[in-house]
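# Report on the structure
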Amino acid sequence: MIKRHSPSYAKRYYYCAIIMILVLVTAPVSYTLRQCRLNAKKSLYSKSHCHYRPWIMQILLSRKSATPVSSERKPVDLKPSASECYEELHNIIRGQWRVQQLTAHNLLVSHLDQHLHDTGFTEISGNIGSRDMERWAEKTWYYHTMCSFCILDLHEIPFISRKYLRAIAGIPCVKIVCEIGFNAGHSSLLWLSASPDITVYTFDNLLFDYVQAAVRYIMDLYPGRFHLIAGDSTKSVPFASLHTKDKCDVMFIDGNHFDGGAYIDMVNFRSFANPDFHVLILDDVSCNEYYCEDPTRCWRRAINENLVEEVHHATITLPGEKKDGNWVDGWETGFSIGTYVDLK
């Protein structure tokens, strides 16, 4: 005879099974709530996460609701204002450019010159290389600005323009430098070596054979921070302005020195200028050499047409002796610094 369980026993088994299922299902919810409350006491989680939800939602959202709330304070943004950066620019013009140390930069220039020499390029057009500095070391140097005429330290004069540019590159607002005229890359080296935060965009027509060798050298030296846009700047600059949102903090023009080329470059560069802070530098102006005539006319035209406001200009008389009112074995160069008018 088979003994059958009474209905009371069946109900007990049924109830026990239901209780076990409820325990297994609600255990994760209880554990999550306990952990959330414990962590809330330790200020690791937000207390708003620790509230009851339907059990299925609590399980699904337990991971999301337990997202830690960082107790660390975000670093304060110490980015200087545009007015502070312009004040630093004026301090540079007042004389802070003198304190710039160019030992590391000059060493980089020497290595680049040596690399080009070893590659087979012995003559570099229009550049003051390291060999020129050594050759002129014992000659007389003069420096003239619109404010004064003075004789400076013998070893300081050859690097006046480089010191100015290096000091400007050190202004905290300067992150992107755009230049027209790469040539042998001395100015690009100056910008890139001044700060690891600076990126350089250079426009060059690749007129000389050594340009590509210098470009490869600098790209290897500063990967990802140096960009070359090849071609005629009167076409490449407007084209580039349509395909990038980057704005330039410093614009250095040392390209076409004839036929109004510098004026066209200034007009085209305007769309690249950072409206908050920017510096425009035109090389080879305010000097008496033949290559200064057209850039100087272009600069004066830009001022007269209210395109540019001049901040400073300088004339550097390089080695030689003055005889009968004329410089013998010497030459002049110069540069002007300004900003675009009504850019915003």
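Residues numbered from 1 in each chain as written. Predicted model: local features only at pLDDT ≥ 70, side-chain atom pairs only at ≥ 80, totals over all residues. Heavy atoms only, no water.

Broken down by element type, the protein chain carries 11 helices and 11 strands. With 344 residues in all, the protein chain has 42% of them scored as buried. Partitioning the contacts of the protein chain with sequence separation of at least 6, the portion at a separation of at least 24 is 72%. Carbon and sulfur atoms make up 55% of the accessible area of the protein chain, which amounts to about 20300 Å² in all. (Helix = DSSP H or I, 4+ residues; strand = E, 2+ residues; numbered from the N terminus. Buried < 20%, exposed > 50% of the residue type's maximum accessible area, 1.4 Å probe, protein only. Contact = heavy atoms within 4.5 Å. Areas by Shrake-Rupley, 256 points an atom, 1.4 Å probe, with all protein chains shown as cover.)

Together, Tyr 15, Ile 18 and Leu 22 give the surface a local cluster of nonpolar side chains, amounting to about 290 Å² of exposed area. Structurally, the position occupied by Ile 18 is in helix H1 (residues 7-41). By relative accessible area, Ile 18 is classed as partly exposed at 33%. (Patch = residues over 30% accessible without salt bridge, like charges linked within 9 Å, V, L, I, M, F, W, Y side chains within 5 Å. Salt bridge = Lys/Arg side-chain N within 4 Å of Asp/Glu carboxyl O.)

With that out of the way, let us pick up the environment of Arg 166. Inspection of the secondary structure assignment puts Arg 166 in helix H6 (residues 160-169). The exposure class of Arg 166 is buried, given its relative accessible area of 13%. Spatially, the C-alpha atoms of Arg 166 and Ser 187 are 9.4 Å apart, while their sequence positions differ by 21 residues. Excluding residues within four positions of it along the chain, Arg 166 makes contact with Gln 100, Gln 101, Leu 102, His 105, Leu 190, Ser 193 and Ala 194.

Right, let's talk about the nonpolar core for a bit. Ranked by internal contacts, the top residues of the largest apolar core, which has 45 residues, are Ile 168, Ile 171, Trp 191, Ile 218, Val 250 and Ile 281. With sequence-adjacent residues up to four places away left out, Ile 281 is seen in contact with Leu 165, Ile 168, Trp 191, Val 250, Met 251, Phe 252, Ile 253, Ser 336 and Ile 337. Formed by 24 residues, the second largest nonpolar core is a distinct cluster that contains Cys 178, Ile 253, Ala 262 and Leu 280. (Core = buried A, V, L, I, M, F, W, Y, C linked by side-chain atoms within 4.5 Å.)

So, about the pattern of salt bridges. Applying the stated criterion across every chain, the model contains 4 salt bridges. In this structure, Asp 197 and Lys 175 form a salt bridge, with 3.6 Å as the shortest nitrogen-oxygen distance. Of this pair, Asp 197 sits in the loop between helix H7 (186-194) and strand S4 (199-204) while Lys 175 sits in the loop between H6 and strand S3 (176-180), and the two are 22 residues apart along the sequence. A relative accessible area of 48% places Asp 197 in the partly exposed class. Salt-bridge contacts for Arg 301 lead to Glu 305; the nearest nitrogen and oxygen are separated by 2.9 Å. Classification of Arg 301 as partly exposed rests on a relative accessible area of 42%. On the accessibility criterion, Glu 305 (43% relative accessible area) is partly exposed.

Aromatic rings considered in pairs are described by the distance between their centres and by the relative angle of their planes. Enumeration according to the criterion identifies 11 aromatic pairs in this entry. Considering the side-chain rings of Phe 121 and Tyr 210, the 6.3 Å spacing of their centres and the 70° angle between planes classify their relative orientation as edge-to-face. Pair noted here: Phe 121 is in the loop between helix H4 (103-119) and helix H5 (130-135) and Tyr 210 is in helix H8 (residues 210-221), with a separation of 89 residues, a long-range link. Since its relative accessible area comes to 24%, Phe 121 is described here as partly exposed. A relative accessible area of 4% means that Tyr 210 is categorised as buried. Measuring from centroid to centroid gives 5.3 Å for Tyr 290 and Tyr 291, while their planes differ by 75°, and the two rings are edge-to-face. Through successive ring pairs, a cluster of aromatic residues spans Trp 97, Tyr 164 and Phe 335. The ring of Tyr 263 is capped by Arg 301, whose NZ or CZ atom sits 3.8 Å from the centre of that ring. (Phe/Tyr/Trp six-rings, centres within 6.5 Å; stacked < 30°, edge-to-face > 60°. Lys NZ or Arg CZ within 6 Å of the ring centre and 35° of its normal.)

Using the criterion set out here, one finds 3 disulfides in the structure. A disulfide bridge connects Cys 178 with Cys 248, and the sulfur atoms are separated by 1.9 Å. Between Cys 178 and Cys 248 the disulfide shows an S-S torsion of about -70°. By sign, it is left-handed. Taken together, the positions of Cys 178 in strand S3 and Cys 248 in the loop between helix H9 (233-241) and strand S6 (250-253) put the pair 70 residues apart, joining distant regions of the chain. Of the two residues, Cys 178 and Cys 248, both sit in the buried class. Through a disulfide, Cys 287 is tied to Cys 292; the S-S separation comes to 1.9 Å. Since a negative S-S torsion denotes a left-handed disulfide, the Cys 287-Cys 292 link at about -90° is left-handed. The same class applies to Cys 287 as to Cys 292, namely buried. (Disulfide = S-S within 2.5 Å.)

Checked against the element boundaries, Ser 195 lands in the loop between H7 and S4. At 3.2 Å, the side chain of Ser 195 and the backbone nitrogen of Asp 197 are in polar contact. (Polar contact = N/O pair within 3.5 Å; in protein donor to acceptor, adjacent residues only side chain to side chain.)

Quick look at helix H11 (residues 290-304) now. If you check H11, its first and last C-alpha atoms are 22 Å apart, about what 15 residues at 1.5 Å a residue would give, namely 21 Å. Looking only at H11, the buried set comprises Tyr 291, Cys 292, Asp 294, Pro 295, Thr 296, Cys 298, Trp 299 and Ala 302. The inward-facing, buried residues of H11 abut helix H10 (261-269), strand S7 (279-283), strand S8 (308-317) and strand S11 (332-340). At the exit of H11 stands Asn 306, carrying a positive phi of roughly 65°. (Expected span 1.5 Å × (residues − 1).)

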